[in-house]
Amino acid sequence: MNEARNQILQRIRAALTRDEGESMPPPRLGRHPRGPLPAFDGAALDRFVAKVQAAAASCELIGALAEVPEAAEAYLIRQGLTPKLVAAPALVSEALPWPPTLKVEYRRAEALDACALTVAAAGIAETGTLALVSSAGTPSTLNYLPEFCLCVVKRSAIVTHMEDAWDLLCAERNHLPRAVHFITGPSRTADVEQTLQLGAHGPRQLHVIVVTD
Amino acid sequence: MESHSHEFKRNAARALANATLQGALRNARGRFVGHRREAVAALPEFEALRRAAREIKEHTLNHLDSYLEHFEQQVLASGGQVHWAGDAAQARQIVLELCRNADAKRITKGKSMVGEEIGLNEALEGAALDVIETDLGEYIIQLAGEPPSHIIAPAVHKTRGEIAELFRAHHRIYGLTGELDSVQAIVDEARTVLRQKFLSADLGITGANLLIAETGSIALVTNEGNGDLTATLPRVHVVVASIEKVVPTLEDAAVILRLLARSATGQEITAYTSFYTGPRRDSDLDGPQEFHVVLVDNGRSEWLGNEYREMLRCIRCGACLNHCPVYNTVGGHAYGWVYPGPMGSVLSPLMLGLPQAADLPNASTLCGRCEQVCPMSIPLPRLLRAHRRRQFKHGLTAARERWALRTWGFFAQRPRLYRLLVGMSRTALRVLAGGRGSLRRVPLAGAWLAGRDLPAPADASFIQQWRQHRRSDRT
């Protein structure tokens, strides 16, 4: 394998007419020059909400994290789902006031879970995108396995562009989480006659809850 | 995959006579072009992003060795492994070995063009592994036993009826009996069957849209979420990526992502854009135990030093296909291999050898729309002309064509003679036209005019009109 590696690097250096052996230090690393950023008018929150909805997700604003159980319960009733949620373990410490009628389990998602509740690390106003990281508190399966996904994002975590989300998630650019998922609306496909159909392999519906507190 | 690129003319003739295919192509064309146009019009920064992306890629290519080495270091530091493959055979071998080491029986795959390029599915199936494509379009063509006909919409040539028929034939074993009479029914059926595959796979293979040198991450862009399920559920995640996918930083990735989705589907961003860095952490509740990246060269390091270098900027968005009058007329299969359209007509001869794909560089009017819409400003017409020049030089051009080109060259180098002859033919054609605007028949050009009319020539040649114009300007 090392042989192939050396051959490829040698061929590259030959093509770049660079000498055998030492390569130049990668000049662009360590600095993070940003490209042109799409400008937009208005407040980041308004833009975020409008773009979330444009991506075929739904969105609601609540005042405080303690209102999440009420919003989640109302959502389950609206969708005609059984009162069960698989929730991000990150929310355990919040001691949310769950109604006794709602069964909540804090864990990763499994095959039969219908509805997940998770937390985004950031929201991006430019495109109405959620940035979710994989961690013990927010396992990735919550974003992908259940048919319905509820996602909480704090207003203070709504940034304007993807570059700002990176700064918020990992300012030093080392020790990235295993996965950073930028999610914009529910799963979709247009592979049958170019006709848009929601709910291909991931959630059929995505509901974003912005906590404005 | 076996190449049929040498049979382009026959393939194209068949495609033209296939009414179902022509309907499917008509349906797709308008949507792709319209969606892209709207997305570009809505973004005043599009041209600035295009320039920035080109600069990023050129810079990266100039330091490709350093960035690849740095990428490798970072993958290792995050607990993953990197494997280098000089050619397609080595790449297949590496992936097969990873499957063997993982004792994998069932493998789910995300859509990967480099996977198609190296013939990965055939190799895995040949080793008696159960391989399932999970992108709906790829799954459909896997059932049909066909190659993709479009790099981002692999089953664009299939109608809803054909897909339902395929599912009825192949899903009986999963208990499908009813009709699938809507797009939703088809998508739901695929979702149900493929969900079981995701949950039971031992190893997942995806491509990568970008590799990030600074962090050792791979970026994966999908709309269905199949790539993320493939990268999250199985015990092992194998990423197959070609070496030119690397960019220095996450900020550089953001620039290219803004162009990619808009150019491909007209979206601002796809539903899912994920960055994966290494295997699951100790405290993680999900994610693979092993993370491997297979870096594939397969000729690219050579193009870096020759006239095809600019092709290494390609981000596989498919815009050049969607805007190509030839692709839109014959469809992707006529090109005979995995990469169709203008980008394919540049890539296939490089990968298969020019004699094996001799018709492809000529299957273009060089109208230039591909270069206009290319988010990475790749001069595709110039690269196609480079192929044609090499063909002529190496005697791969047909005798009659060579003779015609040589004759034309003779006169073109003698302007007086050229103008005299052109003037005579203009007079002759005007007589033939007899005052009509166009000609139906011209001696010696029967085949050419079978499907089109020839506009009658103007009163005066361009040069004559130009001179007259200049004279009247002066007075």
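Residues numbered from 1 in each chain as written. Chains lettered and ligands numbered in written order. Predicted model: local features only at pLDDT ≥ 70, side-chain atom pairs only at ≥ 80, totals over all residues. Heavy atoms only, no water.

A. Geometry of helix H12 (residues 250–264) of chain B. Residues and elements named next belong to chain B. The end-to-end C-alpha distance of H12 is 21 Å, a good match for the 21 Å that 15 residues give at a rise of 1.5 Å each. Counting buried positions over the 15 residues of H12 gives 15, a clear majority of the element. Phi turns positive one or two residues past the end of H12, at Gly266, with a value near 85°. (Helix = DSSP H or I, 4+ residues; strand = E, 2+ residues; numbered from the N terminus. Expected span 1.5 Å × (residues − 1). Buried < 20%, exposed > 50% of the residue type's maximum accessible area, 1.4 Å probe, protein only.)

B. Geometry of the domain arrangement of chain B. Split by domain assignment, chain B resolves into domain 1 (43–300) and domain 2 (415–474). Each of domain 1 of chain B and domain 2 of chain B has a C-alpha centre, and these two points are 53 Å apart. (Domains from an automatic or database assignment.)

C. Quick peek at the environment of Trp84 of chain B. Residue and element names in this part refer to chain B. With respect to the helices and strands, the residue Trp84 is situated in strand E1 (residues 81–85). C-alpha of Trp84 to C-alpha of Val40: the two residues are 44 residues apart in sequence and 37 Å apart in space. Here Glu72 takes part through its side chain, which lies 2.9 Å from a polar atom of the side chain of Trp84. (Polar contact = N/O pair within 3.5 Å; in protein donor to acceptor, adjacent residues only side chain to side chain.)

D. Just the sheet that holds strand E4 (residues 115–119) of chain A, in detail. Residue and element names in this part refer to chain A. Pairing is parallel across the open sheet formed by 6 strands, whose spatial order is E1-E12-E7-E4-E2-E3. On the outer flanks of this sheet lie strand E1 (58–62) and strand E3 (103–106), each paired with one strand and no other. Pairwise comparison of adjacent strand axes, ignoring direction, gives a mean angle of 20° for this sheet. Here strand E2 (residues 84–87) runs beside E4; their pairing, made up of 2 bridges, is parallel. Looking across to E4, one finds that Val86 is bridged to Ala116. Those strands touched by helix H2 (residues 44–54) are E1, strand E7 (148–154) and strand E12 (205–211), and its axis lies near 145° from that of E1. (Pairing = 2+ DSSP bridges. Axes fitted to C-alpha atoms, helices over the stretch in contact; angles between N-to-C directions. Contact = heavy atoms within 4.5 Å.)

E. Broad picture of a positive patch on the surface. All names here are of chain B. A cluster of like positive charges, contributed by Arg416, Arg419, Arg467, Arg470, Arg471 and Arg474, occupies part of the molecular surface. Breaking the positive patch down by element, the ones donating at least two residues are helix H20 (415–433) and helix H21 (462–474). Ranked by residues supplied to the positive patch, first place goes to H21 with 4 residues. Locating Arg470 in the fold gives a position in helix H21. (Patch = residues over 30% accessible without salt bridge, like charges linked within 9 Å, V, L, I, M, F, W, Y side chains within 5 Å. Areas by Shrake-Rupley, 256 points an atom, 1.4 Å probe, with all protein chains shown as cover. Salt bridge = Lys/Arg side-chain N within 4 Å of Asp/Glu carboxyl O. Lys, Arg positive; Asp, Glu negative; His and termini not counted. Charge placed at Lys NZ, Arg CZ, Asp CG, Glu CD.)

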